[in-house]
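Structural overview for review
The primary structure of each chain is shown beneath.
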Amino acid sequence: MSPVLVALFLIQSGIKKNGATMLIKYSFYFLAVAFTLTCSPWIYGQGSCFECHDDPDLTAVVSDTLEISAYVDSLIFASSSHGEFECVDCHVDAEGDPHDEVLGTVDCSACHDDVMEVYHASVHGDASGPDAASCADCHGKHDILSASDAHSKVYPLNLASTCAICHADPKIVKKYHIPIHDPLAAYRNSVHGIALMSEENFDAATCTSCHGNHGIYSMKDPESPIYWKNVPETCGQCHGEIYEQFTESVHGVAVEEGLRDAPVCTDCHGEHGVKSPEDPESRVHPLRVSAATCERCHASEIITERYGIAESRVITFEESYHGLAIKGGSMEAANCASCHGIHNIFRSSDPRSLVHVANLHKTCGNCHPGIDKNVSRGAVHLTSSTTPGRVVKYVKDIYILLIVVVIGGMALHNGADFIRKSRRIVKKREAGA
Ligand code: HEC
Ligand code: HEC
Ligand code: HEC
Ligand code: HEC
Ligand code: HEC
Ligand code: HEC
Ligand code: HEC
Ligand code: HEC
Ligand code: HEC
Ligand code: HEC
Ligand code: HEC
């Protein structure tokens, strides 16, 4: 209405202030008010819609069993991204007075066809069934705002709760056989969730950082950012340096080759519950990394055999001075990653490996300053194929032999003694009788 009012105001302010023209001036005011009252619905379509839809008690029958409120808050609508639009821009079939009782659903693609194209192919796309997320489920209806607005349902701080309306709903999760039941619960306590929710770090990951927004796919889909092989790149969007290191490592190369047994970021860190390595509950905490992370694969006979990796590395570590110290709660002792590296693990024969012969002196020297070169090259994983390991094995063998000889000898002696004694008793009885 404001352009009309401004025009009238400009005309009237040009009129000189004397008795006759004052009358004309007040006629202008009268005209302006009359114009506003009668022509507003004609200029702005929603005026006529609000004749009925600004009634908080108005309801619409959606189905035999469901009746919903048909109230539209004009203030909320006016401040939304579409506040300048007419109702019929979205409700194209609401023409006619009164309009049909049942209207078609709103088609956002009339204006956002680029988004719709991506959305259609996604797991939530129109064909996915009645419970899957629609445009309005994530964005709202009459309260749609830009993602950068703190009140938007897709504002980073609000997004996780928007997804959780369905993804923490046991009925939906069960009906669609979604293997992850309540990602929000784990996410809330993750290093990302805590950093974002506490508004300390707006760069931390939220649901759509890892899943995408309109193009969300199942983890089984090779196009999905959470398909196992794409995970390093997905995390790498924000952890670029680690991603670079990882892709060169023995694990990264194996992933690139498509070997599913090799670990990606989430195999060591988890996905929704990623924790800081300093958190004692983290699977990569110094006291847990050997047992909770490396061991899962490197103590597995299937994996070590399949890839011809030296077996028994875990057990030999656990029995070592370092392993025992870790079990005793030492934060200083070496764990698998202190010697092999974290994201830069290589075969020991690779000159880039921290446990390559040429680098051992430095690696051990990090914690044992001035360690003797030969000591640093002494075997760490003692097995039957290493020299000290062989000594251990001989000692073990001799010990077993001793046990057999001593206990066997004793049994033999006692047996013979028993037979001798019982014969003597039998002879005595015969003599007595
Ligand atoms: C004369 C009053 C009146 C006017 C004017 C009016 N509506 Fe309605 N509208 C209703 C009533 C009553 C219902 C509930 C119908 C039912 O389901 O029983 C309704 C329902 C609706 C629904 C829900 C339909 C459905 O399928 O459930 C939409 C959308 C809607 N109106 C949009 C509009 C738009 C857009 C305008 C303006 C172009 C408008 N209405 C103008 C009275 C009105
Ligand atoms: C940006 C598009 C858009 C605009 C503009 C819009 N609506 Fe809607 N409206 C929706 C969507 C989406 C729904 C949910 C139902 C559907 O998908 O068809 C809806 C639903 C409704 C309903 C059914 C009740 C409900 O809340 O689900 C009414 C009534 C309604 N709109 C009235 C209006 C009126 C009146 C205006 C103008 C002030 C308006 N709408 C403008 C998108 C829009
Ligand atoms: C009649 C055309 C039209 C329809 C229909 C329409 N929109 Fe929009 N939408 C726009 C325009 C134009 C903008 C403003 C773009 C801008 O400000 O850059 C917009 C803005 C938005 C924004 C905010 C974007 C931003 O960054 O500010 C979102 C989200 C959005 N629309 C979602 C939807 C959804 C969901 C629907 C369906 C319920 C829908 N739109 C229906 C034209 C439309
Ligand atoms: C699963 C939730 C979800 C669904 C479903 C969804 N969106 Fe979005 N949409 C988002 C998120 C999250 C963003 C914010 C992206 C960002 O931060 O830039 C967004 C952003 C947008 C924007 C703004 C684009 C921009 O560049 O700022 C528009 C427009 C939009 N969506 C329209 C739609 C339309 C139309 C549909 C239905 C075809 C739809 N969305 C379905 C989550 C969703
Ligand atoms: C309105 C409910 C709803 C909302 C909101 C919603 N989803 Fe979904 N989502 C579903 C349903 C239902 C499926 C299963 C679709 C199917 O399998 O056909 C699904 C599937 C998925 C899948 C694939 C799961 C699988 O096993 O195939 C992912 C990943 C996903 N959603 C992530 C998200 C994210 C991230 C958000 C928020 C940005 C979100 N969803 C918002 C209902 C929703
Ligand atoms: C740091 C990255 C990351 C964040 C943040 C994240 N996810 Fe995930 N999400 C993943 C990965 C990776 C997987 C695949 C898990 C696997 O391989 O077992 C996954 C799996 C899922 C699945 C099952 C997918 C399927 O195909 O069955 C759903 C549903 C899901 N996430 C929803 C969410 C929701 C909702 C949020 C926000 C609360 C969220 N995710 C936040 C990385 C993330
Ligand atoms: C959108 C960007 C983003 C994505 C994607 C992302 N992260 Fe993060 N991540 C961060 C930020 C920012 C922090 C720091 C949070 C803080 O301030 O505590 C962080 C922290 C971490 C930490 C803890 C670091 C520490 O020193 O405490 C780990 C571990 C981590 N992320 C692993 C992952 C993994 C694994 C993935 C993929 C599944 C991933 N991140 C995806 C942004 C991201
Ligand atoms: C083989 C297991 C493993 C894999 C695979 C792995 N990490 Fe790690 N990551 C660790 C361990 C162990 C630590 C803890 C090191 C420490 O104690 O400081 C760690 C620490 C981190 C940290 C925090 C420390 C820092 O340097 O900022 C981030 C962030 C991180 N990893 C991200 C990633 C990302 C991203 C990927 C995938 C590209 C990945 N990790 C793959 C085991 C792994
Ligand atoms: C998800 C399973 C998995 C996890 C977890 C894992 N690895 Fe591995 N690792 C493998 C596989 C598979 C290979 C063989 C790759 C190849 O040969 O291409 C490998 C190779 C290696 C190698 C090279 C061995 C050789 O002879 O080729 C070293 C060293 C190694 N891993 C150390 C570690 C350490 C240390 C950790 C813990 C921080 C760890 N791995 C965690 C699966 C895993
Ligand atoms: C992350 C630090 C760290 C690294 C790296 C490390 N060690 Fe140790 N090491 C320790 C700590 C701490 C102890 C004491 C454990 C205990 O309390 O019994 C120890 C104990 C030892 C012992 C037992 C004798 C003693 O001094 O107590 C030997 C031998 C040893 N380390 C050799 C090595 C060799 C060889 C390497 C390199 C292949 C190495 N260490 C790498 C921290 C480390
Ligand atoms: C104190 C340092 C140290 C610790 C701790 C340590 N390693 Fe090693 N590891 C070595 C050295 C040195 C070699 C190479 C010599 C050898 O094969 O014994 C090696 C060899 C290996 C190999 C053989 C493959 C290759 O690269 O030749 C694997 C696999 C391995 N370690 C895994 C582990 C795992 C898993 C842990 C934790 C459970 C662990 N290591 C703990 C130093 C260490």
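Residues numbered from 1 in each chain as written. Chains lettered and ligands numbered in written order. Predicted model: local features only at pLDDT ≥ 70, side-chain atom pairs only at ≥ 80, totals over all residues. Heavy atoms only, no water.

1. Description of the site of ligand 7
Neighbouring ligand 7 are 20 residues; H192, N201, C235, C238 and H239 lie closest to it. Between ligand 7 and H192 there is a distance of 2.8 Å, counted from a nitrogen atom to a side-chain nitrogen or oxygen. In this structure, an oxygen atom belonging to ligand 7 sits 3.0 Å away from a side-chain N or O atom of S276. Every element with two or more residues in the shell around ligand 7 is listed here: α11 (191-197), α13 (231-236) and α16 (265-269). Each residue belonging to the shell around ligand 7 can be placed in one class, and the counts come to nine nonpolar, nine polar and two charged. Taken domain by domain, the shell around ligand 7 gets at least three of its residues from each of domain 2 (118-226) and domain 3 (275-383). (Near = heavy atom within 4 Å. Polar contact = N/O pair within 3.5 Å; in protein donor to acceptor, adjacent residues only side chain to side chain. Helix = DSSP H or I, 4+ residues; strand = E, 2+ residues; numbered from the N terminus. Nonpolar A, V, L, I, M, F, W, Y, C, P; charged D, E, K, R; others polar. Domains from an automatic or database assignment.)

2. A word on the coordination of the iron atom of ligand 2
Those donors, H91 (NE2) and H142 (NE2), are the protein atoms that reach the iron atom of ligand 2, and they lie 2.0 Å from it. Note that the iron atom of ligand 2 binds six donor atoms; their angles at the metal cover 86 to 179 degrees, and the shape is octahedral. Of this pair, H91 sits in the loop between α5 (87-90) and α6 (113-121) while H142 sits in the loop between α7 (135-139) and α8 (156-167), and the two are 51 residues apart along the sequence. Take H91: its relative accessible area is 28%, and that puts it in the partly exposed class. H142 sits in the partly exposed class, given a relative accessible area of 29%. (Donors = N, O, S within 2.8 Å, 3.2 Å for Na, K, Ca; no water. Tetrahedral: all angles 85-135°; square planar, octahedral: opposite > 155°, others 65-115°. Buried < 20%, exposed > 50% of the residue type's maximum accessible area, 1.4 Å probe, protein only.)

3. Digging into the site of ligand 3
For ligand 3, the full set of nearby residues is S81, H82, F85, D89, C90, C108, C111, H112, C135, H139, I144 and S146. In this structure, H82 approaches ligand 3 through a side-chain N or O atom, which is 2.9 Å from a nitrogen atom. Side-chain polar atom of H112 to a nitrogen atom of ligand 3: 2.8 Å apart, as the coordinates give it. Every element with two or more residues in the shell around ligand 3 is listed here: α5 and α7. For the shell around ligand 3, the residue count by class is six nonpolar, five polar and one charged.

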